[in-house]
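Residues per chain, in single letters:
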Amino acid sequence: MCDPAVRRRSARTADESKKPPSTADELRAKYDTDATGPVGGANGPRFDGPEPVQPCTRINLAHHVVVFAAIAYSLVTHGCPSLGVVAFMLWYADAYTAVLHAALDRPGCLDVKILHGAARGFQAHHDYPLASTHGRGCYRMICDTQRIQTITIVSALVFGRWNVATFQICLMKLLFSAYGGATGHFYAHGGAKPRGPAIKLAQKCHVLLPPKHHVGGHHAPPHDKNFGIFNGLSNYALNPFLGAPMNPPLGVLLAAWAALSLFDVAVVERCVGPVGEVVGRGVATALELARSSV
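As the structure is a computational prediction, the values presented were derived from the model and not from experiment.

Each value, and the rule that gives it
Residues numbered from 1 in each chain as written. Predicted model: local features only at pLDDT ≥ 70, side-chain atom pairs only at ≥ 80, totals over all residues. Heavy atoms only, no water. Disulfide = S-S within 2.5 Å. Salt bridge = Lys/Arg side-chain N within 4 Å of Asp/Glu carboxyl O. Helix = DSSP H or I, 4+ residues; strand = E, 2+ residues; numbered from the N terminus. Phe/Tyr/Trp six-rings, centres within 6.5 Å; stacked < 30°, edge-to-face > 60°. Buried < 20%, exposed > 50% of the residue type's maximum accessible area, 1.4 Å probe, protein only. Contact = heavy atoms within 4.5 Å. Core = buried A, V, L, I, M, F, W, Y, C linked by side-chain atoms within 4.5 Å. 1 Å grid on protein atoms, 1.4 Å probe; cavity = no way out; pocket = protein on both sides within 12 Å on 5 of 7 lines; lining within 4 Å. Points joined across faces, edges and corners; volume = space filled by probe spheres on them. Axes fitted to C-alpha atoms, helices over the stretch in contact; angles between N-to-C directions. Parallel < 35°, antiparallel > 145°, perpendicular 65-115°, else oblique. Left-handed = near helix turned anticlockwise from the far one by under 90°. Nonpolar A, V, L, I, M, F, W, Y, C, P; charged D, E, K, R; others polar.

**Remarks on the state of the cysteines**
Point 1. By the definition in use, this model includes zero disulfides.
Point 2. The structure places no disulfide on C143, whose sulfur is separated from the nearest cysteine sulfur, that of C56, by 3.5 Å.

**Observations regarding the pattern of salt bridges**
Point 1. A complete count under the given rule lists five salt bridges for this structure.
Point 2. R136 is the partner of D144 in a salt bridge, and the nearest nitrogen-oxygen pair spans 3.0 Å.
Point 3. For E269, the salt bridge goes to R161, with nearest N and O atoms at 2.9 Å. With E269 in helix α12 (residues 250-293) and R161 in the loop between α7 (146-159) and α8 (164-188), the pair connects residues that are 108 residues apart, well separated along the chain.
Point 4. Linked by salt bridges that have partners in common, R136, R140 and D144 make up one network.

**Description of the packing of aromatic side chains**
Point 1. Tallied over the entire structure, the rule returns seven aromatic pairs.
Point 2. Both rings, one in Y92 and one in Y96, keep their centres 6.4 Å apart while their planes meet at 50°; by these two values the pair is tilted. One end of the pair, Y92, and the other, Y96, are both in helix α4 (residues 83-104), four residues apart, so they sit about a helical turn from each other.
Point 3. Given the relative accessible area of 8%, Y92 is considered buried.
Point 4. Overall, the relative accessible area of 3% leaves Y96 in the buried class.

**Let's talk about the environment of V272**
Point 1. Mapped onto the elements of the fold, V272 is located in helix α12.
Point 2. Taking relative accessible area as the criterion, V272 reaches 29% and is therefore assigned partly exposed.
Point 3. Separated by 106 residues in sequence, V272 and T166 place their C-alpha atoms 9.9 Å apart.
Point 4. With sequence-adjacent residues up to four places away left out, V272 is seen in contact with V85 and I169.

**As for the nonpolar core**
Generally speaking, nonpolar side chains in soluble globular proteins are found buried as a group.
Point 1. Within the largest apolar cluster, 46 residues are counted, with the highest numbers of intra-cluster contacts made by M89, L104, C109, I169, M172, F176 and L242.
Point 2. Secondary structure elements with two or more residues in this core: α3 (58-78), α4, α6 (138-143), α8, α9 (197-204), α11 (235-242) and α12.
Point 3. Among the elements that line this core, the one with the most residues is α4, at 12 residues.
Point 4. Setting aside residues up to four positions removed in sequence, M89 forms contacts with I169, M172, K173, F176 and V268.

**Describing the layout of surface pockets**
Gaps left between atoms are located by rolling a probe of water-molecule size over the structure's atoms.
Point 1. Considering only enclosed or pocket space, the largest pocket measures out at about 1100 Å³ in volume.
Point 2. In terms of lining residues, the largest pocket is bounded by 38 residues, among which A118, F122, D144, T145 and R147 are the most central.
Point 3. For the lining of the largest pocket, the secondary structure elements donating two or more residues are α4, α5 (116-127), α6, α7 and α8.

**Examining unusual backbone geometry**
Glycine aside, a negative phi is what most residues show, and trans is what most peptide bonds show.
Point 1. Cis geometry marks the peptide bond from P221 to P222; its omega dihedral reads 10°.
Point 2. Notably, W162 is not glycine yet its phi reads approximately 55°, a positive angle.
Point 3. Here W162 shows up in the loop between α7 and α8.
Point 4. Although it is not a glycine, N226 sits at a positive phi angle of roughly 55°.
Point 5. With respect to the helices, strands and loops of the structure, N226 is situated in the loop between α10 (211-218) and α11.

**Focus: the packing of α3 against α7**
Helix packing for two helices is described by the angle between their axes and how far apart those axes are.
Point 1. Closest axis-to-axis distance for the α3/α7 pair is 11 Å, and the angle between their directions is 45°. In terms of their interaxial angle, α3 and α7 are classed as oblique. In this structure, α3 crosses over α7, and the sense of that crossing is left-handed. Touching I59, N60, H63 and V67 of α3 are Q146, Q149 and I153, all from α7.
Point 2. Classifying every residue of the contact of α3 with α7 by side-chain character gives three nonpolar, four polar and no charged.

So this is what it looks like as structure tokens:
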């Protein structure tokens, strides 16, 4: 018979082999063994590995539970927002990720102490795309957005008008920019194997970020286009402004991101009513003209 101590050691070794890699060296070895190829550039990678994976916490889990409970409460109590607002937020959420991404990709952002870790993570991702996405896991990437989610919530409370529209728009930004951005980016690097038919359909419809659009666009040096990581819809309009030919200074990008983070929910909420009225009048006029011409 096998010694029980040997069996325990074997079981422990098997359990440890199932754990995801946690250090930068382990991630690089497991997922990106050839980082000196096209992704790494002609001179090889600029970083010695991706950011190490930090463990998720109960605080992360509690945050996610509260957010999705709030979304469920909003749907049951107030119903769905108008189709026009949802369509705009699908585009805007991607644009928000694009502005932040463009700023964090700038080498100068590594010198901004409060943003150094996030900037290093985004820039090392160019050299180690799989290690920094599938090596981390989708849930870990979602947890990484909690600080930005907190900024969004606090800004909505401070500058919003505390009504149903503010509540719904804030939740849509969290759902689309944070949860959607992390999920879209994760599956854009997924290849064919880990993606189910629902993910593939969402990518084909630009509801989630298509792999060819992201990997074939942004990950081709010099990494100066297709910054949106939720669904890529904003890239067609923002590419000339965030990358070549404009290439705005880092200060401009950070100021734009800060302004959007602080005021976007409040501004959108204040525009929903007037814009809805204008659209409603336009539709009513068009219908009246159509009836009179019959």
